[in-house]
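A structural walkthrough
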Protein chains: 2
Amino acid sequence: MIRTDVGFSLYANMTVIYNGRASSTAGPGNFLLIHKPDGSTFIHASGLSTPLNYQRPGSTILVNDDIITVTSKDASESIKVILHDVKEYNEFLDWSKAKPVMKGTEKQLCDKIIANIDTLLGIKIIEVNRELKTPIGDVDIVGIDAYGIWHIIEVKRGRITTNDLYQLWKYYTHLRITKICNGYMAAPAISVKAQGMLDDFGFSYLMVDH
Amino acid sequence: MIRTDVGFSLYANMTVIYNGRASSTAGPGNFLLIHKPDGSTFIHASGLSTPLNYQRPGSTILVNDDIITVTSKDASESIKVILHDVKEYNEFLDWSKAKPVMKGTEKQLCDKIIANIDTLLGIKIIEVNRELKTPIGDVDIVGIDAYGIWHIIEVKRGRITTNDLYQLWKYYTHLRITKICNGYMAAPAISVKAQGMLDDFGFSYLMVDH
DNA sequence: GCCTTCATGTCGGAT
DNA sequence: ATCCGACGTGAAGGC
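What comes next concerns the included structure. (Residues numbered from 1 in each chain as written. Chains lettered and ligands numbered in written order. Predicted model: local features only at pLDDT ≥ 70, side-chain atom pairs only at ≥ 80, totals over all residues. Heavy atoms only, no water.)

1. Focus: the overall build of chain A
Along its length, chain A carries four helices and 15 strands. Relative to the compact-globule value of 17 Å for 210 residues, chain A shows a C-alpha radius of gyration of 25 Å, a clear excess of over 25%. C-alpha extents for chain A along the principal axes are approximately 75 × 35 × 30 Å. In chain A, which comprises 210 residues, the proportion classed as buried is 50%. (Helix = DSSP H or I, 4+ residues; strand = E, 2+ residues; numbered from the N terminus. Rg over C-alpha atoms; globule rule 2.2 N^0.38 Å. Buried < 20%, exposed > 50% of the residue type's maximum accessible area, 1.4 Å probe, protein only.)

Here it is as structure tokens:
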């Protein structure tokens, strides 16, 4: 009755058991199971954005009477669903693959910063490096001024937290071995604690927005 | 026709426009829209685990002909769905609220480490602090030996990455001001780069598993 | 409400 | 394939 070769949804009273990286049980309860043609499967309860349980694309689904088994591609993870009472079953044909086209990402915030870098820093920058490769990671933006001073900018699209500062600090301590450096955190907001730590490090905060 | 006071799913050819923290567009395509009684709404395309677009619980949904608008609780975010061709509509009553009961979490890995801490460290520990509060965050485990040396352990349930080390470094630099400290990362695995950086910091890796 | 960290995080990009 | 870092991260817990 259930076609595993197409997308479908199943609203039912069920119990869900997961084993893999972790393990969990849920239910019994009235949940919605969704299976997509890419092999991914999700079980949604009410009250949470994240699914109660899931398997990622590439999984295989097997239906045996009132037991559904979903196994991940490498067979390291699986969920078992015990159906107690099926209420709705629907098939979805020609399900589209698609990704949203995003705007307002960190990448685009970087664009904006680079376009206005002289104004933001209050210094004339003569060379800009983006995603500068270092052995310990990529630096978002490095602007070099006429004196050869390196202005290191770590960009965050959201609010700067204390942990974010260590990323800048990591690059700063690495680059200062060979260059004279200044450190900057650029974001729309910064937490109070992060601001305090920023001052301790001797870095500066650049207020930027999308 | 669409009841916004219950849970429902809508399989349709649609275009989705999001505005909020970022903004995005997707479609037109055949997607599945799910609305849960908690107010959350999700639009799933095939090929991704994460929804193409969504609003979190507490949102309000408004249906006007072939336009669906979902607005977040604080009205800072919204998605607009333009329906081009509705293929399926189903209502789901008595949708359960539930959370999975998890095993194999970091918390439980901590339990195991603490139970075997003497063996793991090769030192007799006379006092164990868990989730030790500091102004910059909580330290997973601190074991104190007979000499008063603090053994700081940062636990990860998965693989240790370079970024994880800065969390330990943060606590280490903070605590070493007043105590003699050793630093440890405990996890089932560690990346090559993280291992190298760990050595540079003078920390140790503890191999632990669930 | 702000801040911090965990997560079966997921996902994309680079090596 | 592994590694690394962003994410509209989401969710939980503490203050």
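2. Some details on the side chain of A:Asn53
Residues and elements named next belong to chain A. The topology assignment puts asparagine 53 in strand β4 (residues 53-55). Side-chain polar atoms of asparagine 53 contact the side chain of serine 24, separated by 3.4 Å. Those residues in contact with asparagine 53, other than ones at most four positions away along the chain, are Val16, Tyr18, Ser24, Thr41, Phe42, Ile43 and Ile79. (Polar contact = N/O pair within 3.5 Å; in protein donor to acceptor, adjacent residues only side chain to side chain. Contact = heavy atoms within 4.5 Å.)

3. Focus: the nonpolar core
In a soluble, globular protein the nonpolar side chains are often hidden away together inside. With 46 residues, the main nonpolar core has A:Ile152, B:Ile152, B:Leu165 and B:Trp169 as its most contacted residues. In contact with B:Trp169, not counting residues within four places along its chain, are A:Tyr166, A:Trp169, B:Arg176, B:Phe201 and B:Phe203. (Core = buried A, V, L, I, M, F, W, Y, C linked by side-chain atoms within 4.5 Å.)

4. Describing the relation of the copies chain A and chain B
Superposition record for chain A on chain B: RMSD 0.4 Å, screw rotation 180 degrees, translation along axis 0.1 Å. The two molecules are tied by a two-fold rotation axis, judged by turn and shift. No C-alpha of chain A approaches the rotation axis more nearly than that of A:Tyr166, which lies at 3.3 Å. Of the interface residues in chain A, 98% have counterparts in chain B that sit at the interface too, so the contact is made through matching surfaces. (Least-squares fit on C-alpha atoms with pLDDT ≥ 70 in both.)

5. Thoughts on the pattern of salt bridges
Oppositely charged side chains are able to pair whenever their charged atoms sit close together. According to the stated counting rule, one finds 16 salt bridges over all chains in the structure shown. Between B:Lys87 and B:Asp85 there is a salt bridge whose closest N-O contact spans 3.2 Å. You can call B:Lys87 partly exposed: its relative accessible area is 39%. The class for B:Asp85 is partly exposed, based on a relative accessible area of 38%. Residues participating in the shared-partner salt-bridge network are A:Arg3, A:Asp5 and A:Glu91. (Salt bridge = Lys/Arg side-chain N within 4 Å of Asp/Glu carboxyl O.)

6. Details of the state of the cysteines
Residues and elements named next belong to chain B. Taken as a whole, this structure holds zero disulfides over all chains when the rule is applied. Among the cysteines around cysteine 110, which has no disulfide bond, cysteine 181 carries the closest sulfur, lying 18 Å off. According to the relative accessible area criterion, cysteine 110 is buried, its value standing at 2%. (Disulfide = S-S within 2.5 Å.)

7. Focus: the sheet that holds strand β15 (residues 204-207) of chain B
Residue and element names in this part refer to chain B. Taken in spatial order, the five strands of this open sheet run β9-β10-β11-β13-β15, and their pairing is mixed. Across the chains shown, the open sheet's two edge strands, defined by having one partner strand only, are β9 (125-134) and β15. Across the sheet, the mean angle from the axis of one strand to that of its neighbour is 30 degrees, orientation sign disregarded. Here strand β13 (residues 181-187) pairs with β15 via four bridges, running parallel. Bridging across to β15, methionine 185 finds its partner in tyrosine 205. (Pairing = 2+ DSSP bridges. Axes fitted to C-alpha atoms, helices over the stretch in contact; angles between N-to-C directions.)

8. A short note on the packing of helix α3 (residues 162-175) of chain A against helix α4 (residues 192-201) of chain A
Residues and elements named next belong to chain A. The N-to-C vectors of α3 and α4 enclose an angle of 25 degrees; their axes lie 9 Å apart at closest approach. Classified by the interaxial angle, the pair formed by α3 and α4 is roughly parallel. Every pair of crossing elements has a handedness; the one defined by α3 and α4 is right-handed. Residue-level inspection shows Thr162, Leu165, Tyr166 and Trp169 of α3 in contact with α4, the latter providing Lys193, Ala194, Met197, Leu198 and Phe201. Considered class by class, the residues forming the contact of α3 with α4 number seven nonpolar, one polar and one charged. (Parallel < 35°, antiparallel > 145°, perpendicular 65-115°, else oblique. Left-handed = near helix turned anticlockwise from the far one by under 90°. Nonpolar A, V, L, I, M, F, W, Y, C, P; charged D, E, K, R; others polar.)

9. Remarks on the protein's contact with DNA strand C
In the region of DNA strand C, 31 residues are neighbours, and A:Arg21, A:Asn53, A:Arg159, B:Ser49 and B:Arg157 sit closest. When the atoms of DNA strand C within 4 Å of the protein are grouped by moiety, sugar and phosphate amount to 84% of the total. A distance of 3.2 Å is found between a sugar or linking oxygen of DNA strand C and a side-chain nitrogen or oxygen belonging to A:Tyr18. A distance of 2.9 Å separates a phosphate oxygen of DNA strand C from a polar atom in the side chain of B:Lys170. Mapped onto the surface near DNA strand C, the elements with two or more residues apiece are β4, α3 and α4 of chain A together with β10 (137-145) and α3 (162-175) of chain B. (Near = heavy atom within 4 Å.)

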